[in-house]
Amino acid sequence: MTSTADIFNHFQDYLNADHELREDIRSVVRDLEQTAREIQTALQAIHQPSQCANFIVLCENAKSMFGKAEEQYALLAGKIPENQYYRFNDHWKFVTQRFVYLSALVVYLKEERLISREEVTKFLGVQVKREDGFHLDLDDYLMGILNLTNELSRLAMNAVTAGDYSRPLRISQFIGELDSGFRLLNLKNDALRKRFDGLKYDVKKCEEVVYDLTIRGLVNKEGKVE
Amino acid sequence: MAFNQRNASNRQRFKKNRDDIDHNHGGRDSGEKRKRQKNEVKFTIADDSSPIMKTFQLFQEELDNRNDRYERIVKLSRDITIESKRLIFLLQRVAGSDDRETLLSEAAFKLKELNASKFFELAQELDGQDPFQFVRAFSPGLQEYIEGVTFYHYLTMEKLIGIDKIQPDLTFTITVAQALESSSLNIQNTQIIDLTTKDQQKALSEENLAPKAPEEKFVSSSTKASAPEELASGNETRKISVPIPPTEYMLGVADFTGELMRMAINSVGAGDLEKPSVVANMMRVIHDAFTTFANPPRELRQKTRVLRQSLQKVETACYTLKVRGSEIPNHMLADVFTLPSAVAVDNFNEESEEVYD
């Protein structure tokens, strides 16, 4: 029979262990955030008119920086006890969404397609399925993709400034497809839903750019087919 | 089949929304070019074979599955809350009652039955999942249950029961075949829950219990020793459980002190003048422990404040008994307490009183 004092002592031990682990997690997440910022800075160059032709180089450069994130994720994964991912995932939710967005941007710039969930997990060195260990939560993946659309709508405008008139058409098409994809999902009234509600503004922004180009006859028919 | 239908209706809805959007911000657009553009967009939407649509269909399924499970767990948690509240009101009648034993055994039966029905279903839902993904869905019910269980054990043994004594009651041994069966029966389960909640509104007669408690199907590990034959009949067994996170347990204990306070005040009304000081001791032990915790969760800090108020009420009662006890006869002393807790009884109380009276 455990005594009352024991019950409370055990709980204090539990609290202490919990506190310590969270501190540990926080410090790894801080490093992850730093890495994400570095990649983000490297990729921001795509908005500069002079860098327009250099996308491939920029992407390769950014991609090489993911190695660091992979190590940090491995470190983080090692700290999480089995089946307790969701006890702590508030700590790394945000930074993971950021990494999804960054890796999705790299893949889009290189190949103009949507990065799959499996590809993101390869970028970060985490698992796809929850059963296999430290994984990529579906919500975080979707959230990251929604962040991508925002960045791309910005890129659509800056591409025009840089004299690339065909890119906005392709971006508009891509975001339109994503929009219809997201509409398939039955979202609850949560953060993801809120973020998704903002997607229509990105769609609108791209359509406006396309409209401006079209009405001025700045896109030829071939550009449109592409 | 249903999946396809849903997709179709989604797509339709989407088209409609889509048109709305075009109306909203496409007002200034007109002319042929714009029209062609619009048609193009529509074409992509209808195109099911696009890889993006295909992946999102998979995501839809995954999200729906998870949300459905979450909702089912919320439902179970609500049922557990209702049952636990009833249990607690029953236990409140134990203090000062002449028929203590009958009431306590009725409570024990209720506990067992709750474990066998709702908690068993909950354990099945959580089987193979990360319980922390759903902890927000079942924590209200679990806390209320802990409050009831700790109260029950306090009444029978006059001490605080630990997690290690509660957890076995929420751990079930099932055969592997059952596990498969239960996962495919999820939809049916929700229907059963709908029915039982309605039943519970009416009355909890013996007949009602029979269909909802799958008693033959499981063996609670606490009673495992008494039923080895049943285990032997299944081929392979496995344990499933509703885990009790320590924080949830402590939050339940915090609520339990509220019941202690209510009991202390009520028992004076019933003529038991010793109770408040006994209860005050118990509450003091818990209060002292709560205030010494380093880095407590935010919820626990809030509940500690409430606990302090309850404790002070009981301490005031003890004080009044001591001071006034010397001048007023015992039978009149009870009236001195204009029971604040009796007023604070919520609507639910009246409802469930009807059920049991």
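Residues numbered from 1 in each chain as written. Chains lettered and ligands numbered in written order. Predicted model: local features only at pLDDT ≥ 70, side-chain atom pairs only at ≥ 80, totals over all residues.

Caption draft 1: Highlighting the overall build of chain A. Per the secondary structure count, chain A includes 10 helices and zero strands. Taken from N to C terminus, the helices and strands of chain A fall in the order α-α-α-α-α-α-α-α-α-α. Dimensions of chain A, computed from C-alpha atoms along their principal axes, come out at roughly 85 × 35 × 25 Å. Burial statistics for chain A: of 226 residues in total, 38% are counted as buried. For chain A, restricting intrachain contacts to residue pairs at least 6 apart in sequence, the fraction spanning at least 24 positions comes to 71%. (Helix = DSSP H or I, 4+ residues; strand = E, 2+ residues; numbered from the N terminus. Buried ≥ 20, exposed ≤ 12 C-beta atoms within 10 Å, placed from the backbone. Contact = placed C-beta atoms within 7 Å.)

Caption draft 2: Spatial organisation of the overall build of chain B. Looking only at helices and strands, chain B features 16 helices and three strands. Taking all 357 residues of chain B together, 30% fall into the buried category.

Caption draft 3: Quick peek at the environment of B:N281. Among the structural elements, B:N281 can be located in helix α12 (residues 275-292). For the pair B:N281 and B:L311, spaced 30 residues apart in sequence, the C-alpha to C-alpha distance is 9.4 Å.

Caption draft 4: Looking closely at unusual backbone geometry. Residue and element names in this part refer to chain B. With a phi angle near 60°, E158 is a residue other than glycine that sits in the positive phi range. Inspection of the secondary structure puts E158 in the loop between α5 (135-157) and α6 (163-166). On the neighbour-count criterion, E158 (9 C-beta atoms within 10 Å) is exposed. Positive phi is not limited to glycine here, since N295 has a value of about 50°. According to the C-beta neighbour criterion, N295 is exposed, with 12 such atoms within 10 Å.

Caption draft 5: Representation of the UniProt feature "binding site: Mg(2+)" (unreviewed entry) in chain B within the structure. Residue and element names in this part refer to chain B. UniProt records the feature "binding site: Mg(2+)" (unreviewed entry) for E147 and E259 in the present numbering. The greatest C-alpha distance among the residues just named is 8.3 Å, despite their covering 113 residues of sequence, which places them together in space. Checked against the element boundaries, E147 lands in helix α5. When neighbours within four sequence positions are excluded, E147 is seen to be in contact with S84, I88, G252, D255, F256 and E259. Considering the arrangement of structural elements, one finds E259 in helix α11 (residues 246-269). (UniProt positions renumbered as here; feature names shortened; annotations may be inferred.)

Caption draft 6: Seen up close, the environment of A:M143. Along the chain, A:M143 falls in helix α6 (residues 138-161). Between the C-alpha atoms of A:M143 and A:R98, which are 45 residues apart in sequence, the distance is 8.7 Å.

Caption draft 7: Here's a closer look at the nonpolar core. Ranked by internal contacts, the top residues of the largest apolar core, which has 61 residues, are B:L122, B:A123, B:L260, B:A264, B:V279, B:M283 and B:V314. Put simply, the parts of the chain that give this core at least two residues each are α1 (4-43) of chain A together with α3 (51-92), α4 (100-126), α5, β1 (171-175), α11, α12 and α13 (298-325) of chain B. (Core = buried A, V, L, I, M, F, W, Y, C linked by C-beta atoms within 7 Å.)

Caption draft 8: Quick peek at the UniProt feature "binding site: Mg(2+)" (unreviewed entry) in chain A. Cross-referencing UniProt, the feature "binding site: Mg(2+)" (unreviewed entry) maps to A:E151 in the present numbering. Its place among the elements puts A:E151 in helix α6.

Caption draft 9: Focus on the interface of chain B and chain A. In this complex, chain B contributes 38 residues to the contact, which on the side of chain A involves 37 residues. Going through the elements one at a time, α1 (2-25), α2 (32-46), α3, α11 and α12 of chain B are the ones with two or more residues in the side of chain B that touches chain A. Top element by residues in the side of chain B that touches chain A is α3(B). It accounts for 11 residues. Here the side of chain B that touches chain A is composed, by residue class, of 18 nonpolar, 13 polar and seven charged. (Nonpolar A, V, L, I, M, F, W, Y, C, P; charged D, E, K, R; others polar.)

Caption draft 10: Looking closely at α1(A). With 40 residues, α1(A) extends 58 Å between its outermost C-alpha atoms, agreeing within 8% with the 58 Å of an ideal straight helix rising 1.5 Å per residue. Within the sequence span of α1(A), burial applies to A:I7, A:F8, A:F11, A:V28, A:L32, A:T35, A:A36, A:I39 and A:L43. Tucked inside the fold, the buried residues of α1(A) contact α2 (55-79) and α4 (90-111) of chain A together with α11 and α12 of chain B. (Expected span 1.5 Å × (residues − 1).)

Caption draft 11: Quick look at the pairing of β1(B). Residue and element names in this part refer to chain B. Burial along β1 is one-sided: F172 and I174 are buried, while T171, T173 and T175, pointing the other way, are not. Of the pairings in the sheet, the one linking β1 to strand β3 (residues 237-241) comprises five bridges and is antiparallel in character. Among the inter-strand pairings, T173 is bridged to a residue of β3, identified as K239. (Pairing = 2+ DSSP bridges.)

Caption draft 12: Seen up close, the confidence of the model for chain B. All names here are of chain B. Summarising the model, chain B shows a mean pLDDT of 73, and 61% of its residues fall at 70 or more. With pLDDT under 50 throughout, residues 1-46 is counted as low confidence; its partners more than four residues away or in other chains account for 24 contacts. Contacts for the low-pLDDT stretch residues 338-357, under 50 throughout, to residues beyond four places or in other chains number 13 contacts. In the predicted assembly, ipTM is 0.88 and pTM is 0.75. (pLDDT = per-residue confidence, 0-100.)

Caption draft 13: Quick peek at α2(A). Residues and elements named next belong to chain A. The end-to-end C-alpha distance of α2 is 36 Å, a good match for the 36 Å that 25 residues give at a rise of 1.5 Å each. Among all positions of α2, only C59, A62, F66, A69, Q72, Y73 and L76 are buried. Summarising the contacts, the buried residues of α2 are in contact with α1, α4 and α5 (117-124).

Caption draft 14: Main features of the packing of α1(A) against α2(A). Residues and elements named next belong to chain A. The geometry of α1 relative to α2 is characterised by a closest axis approach of 9 Å and an angle of 175° between their N-to-C directions. Taken together, the axes of α1 and α2 lie roughly antiparallel to each other. Counted together, L21, D24, I25, V28, D31, L32, T35, E38, I39, A42 and L43 of α1 and L58, N61, A62, M65, K68, A69, Q72, L75, L76 and K79 of α2 form the full contact between these two elements. For the contact of α1 with α2, the residue count by class is 13 nonpolar, three polar and five charged. (Axes fitted to C-alpha atoms, helices over the stretch in contact; angles between N-to-C directions. Parallel < 35°, antiparallel > 145°, perpendicular 65-115°, else oblique.)

Caption draft 15: Examining the packing of α6(A) against helix α7 (residues 167-183) of chain A more closely. Residue and element names in this part refer to chain A. Contact geometry of α6 with α7 gives a least axis separation of 9 Å together with a crossing angle of 160°. Comparing their axes, α7 and α6 come out roughly antiparallel. In the crossing of α6 with α7, the sense of the turn from one axis to the other is left-handed. Mapping the contact onto sequence places I145, T149, L152, S153, L155, A156, A159 and V160 in α6 and R167, P168, I171, S172, I175 and L178 in α7. Of the residues belonging to the contact of α6 with α7, the class tally is 10 nonpolar, three polar and one charged. (Left-handed = near helix turned anticlockwise from the far one by under 90°.)

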